[in-house]
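One-letter residues, chain by chain:
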Amino acid sequence: MFNRDFVWGVATSSYQIEGEAMRFGAGKNVWDAFSHAGGGVYNNQTGDIACNHYNLYQRDIDIMKELGIKHYRFSTNWARILPGGFGRVNEEGLAFYDRLIDALLRAGIEPWLTVFHWELPLELYYRGGFANPDIVEWFGDYAALLSDRFSDRVKHFFTINEPQCFIGLGYVRGEHAPGAKRGTKETMLMGHNALKAHGRAVQRLREKARQPLLIGVAPTGSVPYPVSDSPADIEAAKKAYFAPAEENDWAWSVAWWSDPMILGKYPEDALKKYEPFLPEISDADLKLINQPLDFYGQNIYNGYAVKMGENGESEAVKRYDGFPSTGLGWPVTPEALYWGPKFLYERYRLPFYITENGVAVNDVISLDGKVHDPQRIDFTERYLRALEKAQKDGVDVRGYFHWSILDNFEWASGYSSSSRFGLVYVDYRTQERVIKDSGYWYSRLIRGDMPL
Ligand code: FCB
């Protein structure tokens, strides 16, 4: 059983829910530009309105309160606060987050602030974005501003969300904003700068802190899990988890990002593999990247079975026909929430949080006016049982944030009906919210009314 001070939360990000994009003094970010350019997002949808959370935040907080949710992970939109990425501050943007944080605290909900959940100001992209080494100080200054303004009330911060995605999907594959596919050499440089920016942000958050802060990070990755309990298969899965990805999709890696942040060095096997593409990596860079962190967060949605092959190498096991999958086609693999935390904790030894986990379901409002989503309840229960087992087996699991409280703008999948991730249904025509069965289920669970 998770103990009484286990952190039960929900998560969102700014672009996916806020709406009022580019309004009230906000500058454009790369997602504004990418979605408006057309072609990159399902049905050319945009985050212009999204869940209109910018105006309806109080209603959304009331729902969280009603459900007994005590922890909320959200992000701030960099360009809403610094329209050009640096320099001139948009006071209206800061004031919005003031209102949000104050309302959360009034409702007894602890804010967990993510500094960067992919909302790169467009102006910075025009200046080279992550390929420009100045990003380190731009990001540091932005983090300092957030800390200066909010850390009297916000104690928990995440620096970056999923570098695997904003570098990998953004620039290696070019499927996410800004949709600019680049060569390996350039994307590796961007990745290195992003890690330095993370380190600088940790420093600047602490420098401006108005109370002792707890700072972490929220990367991701698909989790290889052993197909059996044999030590050889377990070894094979662990090896695969931390191994470098193929060069043409290199960002899809765990150790490449987390090792330098937590262990102070890039993994040797990856350095060898990517040799021709590496940026310059100095000792000073590694020192900057390797800032002390208070906790380790990981976003985990799925994994794949692995066995030890005849040749001593890890081998992926083919899924059987009809393998369970979600609305977005992601496999349903609760094992990921056991083995992921276990492998990560063994390697990084920091207090551990699941900072995102959830499932896309093709939810509808039924004739009775309710949203029945047994698949989401079943998914979450299976995954949480696995997480609980990891805790029993020694992983210092401190919390779990469900993605998401609301259905929202699911990046390249937009508002497609098969990409609803919320515990609360959103009717995008009317902005009506309907708490799904899973929302009530989560509420009973976190209140301790119901064992897993
Ligand atoms: C993660 C993202 C989050 C959301 C979920 C479904 O990769 O961090 O914003 O889109 O996937």
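Residues numbered from 1 in each chain as written. Predicted model: local features only at pLDDT ≥ 70, side-chain atom pairs only at ≥ 80, totals over all residues. Heavy atoms only, no water.

A closer look at the sheet that holds strand S3 (residues 110-116)
If you walk across this open sheet you meet the eight strands as S5-S4-S3-S2-S1-S11-S10-S7, and the pairing is parallel. Because the sheet does not close on itself, it has two edges, and the strands there are strand S5 (214-218) and strand S7 (296-299). On average, each strand axis in the sheet is inclined to that of its neighbour by 25°, with strand direction left out of account. In terms of strand pairing, strand S1 (residues 7-11) meets strand S2 (residues 71-75) through three bridges, oriented parallel. Each bridged residue has a counterpart across the sheet, and for Val-10 the counterpart in S2 is Tyr-72. (Pairing = 2+ DSSP bridges. Helix = DSSP H or I, 4+ residues; strand = E, 2+ residues; numbered from the N terminus. Axes fitted to C-alpha atoms, helices over the stretch in contact; angles between N-to-C directions.)

Brief notes about the pattern of salt bridges
Evaluation of the coordinates by the stated rule reveals 32 salt bridges. Between Arg-200 and Glu-137 there is a salt bridge, and its shortest N-O distance comes to 2.9 Å. Of this pair, Arg-200 sits in helix H9 (residues 184-207) while Glu-137 is found in helix H7 (residues 135-150), placing the two residues 63 residues apart along the sequence. For Asp-152, the salt bridge is made with Arg-153, and the minimal N-O distance between the two is 3.0 Å. Overall, Asp-152 belongs to the partly exposed group, its relative accessible area being 43%. On the basis of relative accessibility, which here comes to 19%, the residue Arg-153 falls in the buried class. It is possible to trace a salt-bridge network through shared partners that takes in Glu-91, Asp-98, Asp-102, Arg-149, Asp-152 and Arg-153. (Salt bridge = Lys/Arg side-chain N within 4 Å of Asp/Glu carboxyl O. Buried < 20%, exposed > 50% of the residue type's maximum accessible area, 1.4 Å probe, protein only.)

Points about the site of the ligand
Surveying the vicinity of the ligand reveals the residues Gln-16, His-117, Trp-118, Asn-161, Glu-162, Tyr-301, Glu-356, Trp-403, Glu-410, Trp-411 and Phe-421. Within the contact set of the ligand, an oxygen atom lies 2.8 Å away from a side-chain nitrogen or oxygen of Gln-16. Computed on the free molecule, the ligand has an accessible area of 300 Å², of which 95% lies beneath the protein chains in the complex. Of the residues belonging to the shell around the ligand, the class tally is five nonpolar, three polar and three charged. (Near = heavy atom within 4 Å. Polar contact = N/O pair within 3.5 Å; in protein donor to acceptor, adjacent residues only side chain to side chain. Areas by Shrake-Rupley, 256 points an atom, 1.4 Å probe, with all protein chains shown as cover. Nonpolar A, V, L, I, M, F, W, Y, C, P; charged D, E, K, R; others polar.)

Brief notes about the environment of Asn-77
Tracing the backbone through its elements, the reader meets Asn-77 in the loop between S2 and helix H4 (78-81). Separated by 48 residues in the primary sequence, Asn-77 and Asn-29 place their C-alpha atoms 8.3 Å from one another. Filtering out sequence-adjacent residues up to four positions away, Asn-77 remains in contact with Ser-14, Glu-18, Asn-29, Tyr-97, Glu-119 and Tyr-142. (Contact = heavy atoms within 4.5 Å.)

So, the packing of aromatic side chains
Enumeration according to the criterion identifies 53 aromatic pairs in this entry. With centroids separated by 5.5 Å and ring planes inclined at 15°, the aromatic side chains of Tyr-72 and Phe-74 adopt a geometry described as stacked. Neither Tyr-72 nor Phe-74 differs from the other in exposure class; each is buried. Relative to Tyr-415, the ring of Phe-409 has its centre 5.3 Å away and its plane inclined at 65°; by these criteria the two rings are edge-to-face. Overall, Phe-409 belongs to the buried group, its relative accessible area being 0%. (Phe/Tyr/Trp six-rings, centres within 6.5 Å; stacked < 30°, edge-to-face > 60°.)

Side note on the environment of Phe-401
Positionally, Phe-401 belongs in strand S11 (residues 397-403). C-alpha separation for the pair Phe-401 and Asp-427, spaced 26 residues apart in sequence, amounts to 23 Å.

Concerning the nonpolar core
Proteins that are soluble and globular tend to have nonpolar side chains buried together. Of all hydrophobic cores here, the largest spans 135 residues; its most connected members are Trp-31, Trp-78, Phe-130 and Tyr-442. Counting twelve residues, the second largest nonpolar core, distinct from the first, contains Ala-11, Trp-112, Phe-158 and Ala-218. (Core = buried A, V, L, I, M, F, W, Y, C linked by side-chain atoms within 4.5 Å.)

As for helix H15 (residues 374-392)
The terminal C-alpha atoms of H15, which comprises 19 residues, lie 27 Å apart, in line with the 27 Å expected from a rise of 1.5 Å per residue. Every buried residue of H15 is accounted for by Arg-376, Ile-377, Phe-379, Thr-380, Tyr-383, Leu-384, Ala-386, Leu-387, Glu-388, Ala-390 and Gln-391. Buried residues along H15 sit in contact with S1, helix H14 (336-348), strand S10 (352-357), S11 and helix H16 (437-446). Trailing H15 by a residue or two, Gly-394 shows a phi angle of about 110°, which is positive. (Expected span 1.5 Å × (residues − 1).)

Focus: helix H11 (residues 255-263)
Most of H11 is tucked away: eight of the nine residues are buried. Gly-264 lies just past H11 and shows a positive phi near 80°.

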